[in-house]
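Chains, contacts and geometry: an overview
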Amino acid sequence: PVLGGYGGRDRVFGKNGRKLAHHLQGLQVANDVVTYPASGHSYMSDHRGVAAKLSSWGPMRVGYNQDAAEDSWRRIEAFFGEHLGTGPRPAAD
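Since we're looking at a predicted model, the values are computed, not measured. (Residues numbered from 1 in each chain as written. Predicted model: local features only at pLDDT ≥ 70, side-chain atom pairs only at ≥ 80, totals over all residues. Heavy atoms only, no water.)

Here's the deal with helix α1 (residues 15-26)
Along its 12 residues, α1 runs 17 Å from first to last C-alpha, staying within 8% of the 16 Å computed at 1.5 Å per residue. Those residues of α1 that sit buried are G17, A21 and L24. When α1 is viewed along its axis, its buried side chains cluster within an angular range of 70° and face the same direction. In this structure, α1 carries H22, H23 and G26 as exposed residues pointing more than 90 degrees from its buried face. Tucked into the core, α1 has its buried residues touching β1 (2-7) and β2 (31-36). (Helix = DSSP H or I, 4+ residues; strand = E, 2+ residues; numbered from the N terminus. Expected span 1.5 Å × (residues − 1). Buried < 20%, exposed > 50% of the residue type's maximum accessible area, 1.4 Å probe, protein only. Arc of directions from axis to C-beta. Contact = heavy atoms within 4.5 Å.)

What to know about a nonpolar patch on the surface
Where nonpolar side chains cluster on the molecular surface, the patch consists of V50, L54 and W57 and spans about 370 Å² of accessible area. Tracing the backbone through its elements, the reader meets V50 in helix α2 (residues 50-56). Judged by relative accessible area, V50 falls into the exposed class, the value being 63%. (Patch = residues over 30% accessible without salt bridge, like charges linked within 9 Å, V, L, I, M, F, W, Y side chains within 5 Å. Areas by Shrake-Rupley, 256 points an atom, 1.4 Å probe, with all protein chains shown as cover. Salt bridge = Lys/Arg side-chain N within 4 Å of Asp/Glu carboxyl O.)

Structural notes on unusual backbone geometry
Phi at Q28 is positive, roughly 60°, even though this residue is not glycine. Tracing the backbone shows Q28 in the loop between α1 and β2. The exposed category is assigned to Q28, whose relative accessible area is 74%. In the Ramachandran plot, S42 falls in the positive-phi region, its phi being about 60° despite a non-glycine side chain.

Side note on helix α3 (residues 66-84)
Given a rise of 1.5 Å per residue, 19 residues ought to cover 27 Å, and the 26 Å separating the end C-alpha atoms of α3 matches this to within 8%. Here α3 has its buried residues at A68, A69, S72, R75 and F79. What you see down the axis of α3 is that its buried residues fit within an arc of 125°, all on one side. In this structure, α3 carries D67 and E77 as exposed residues pointing more than 90 degrees from its buried face. Packing partners of the buried residues in α3 comprise β1 and β2. The distance from a side-chain oxygen at the start of α3 to the backbone nitrogen of D67 is 3.2 Å, and the residue carrying that oxygen is N65. (Polar contact = N/O pair within 3.5 Å; in protein donor to acceptor, adjacent residues only side chain to side chain.)

Written out as structure tokens, the structure reads:
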């Protein structure tokens, strides 16, 4: 199973999300790959300061997107729960 999230505004890697989802579906591999059109690269990282501002102007359009980050965390938890199991842990001996 494959989980992925891509920023659609990322001019370097953004297009790869759609390509990956398409290939995985063709191979019948369980996946949850989403491209967030309003997000750039590193949309889950809430960086601040001068370096963060400069990165937002580059081709990857780096920047935090709260809506996409929250949706991604929800998807991560659900995906791991489905594919790794959420049952109780065995008792330690």
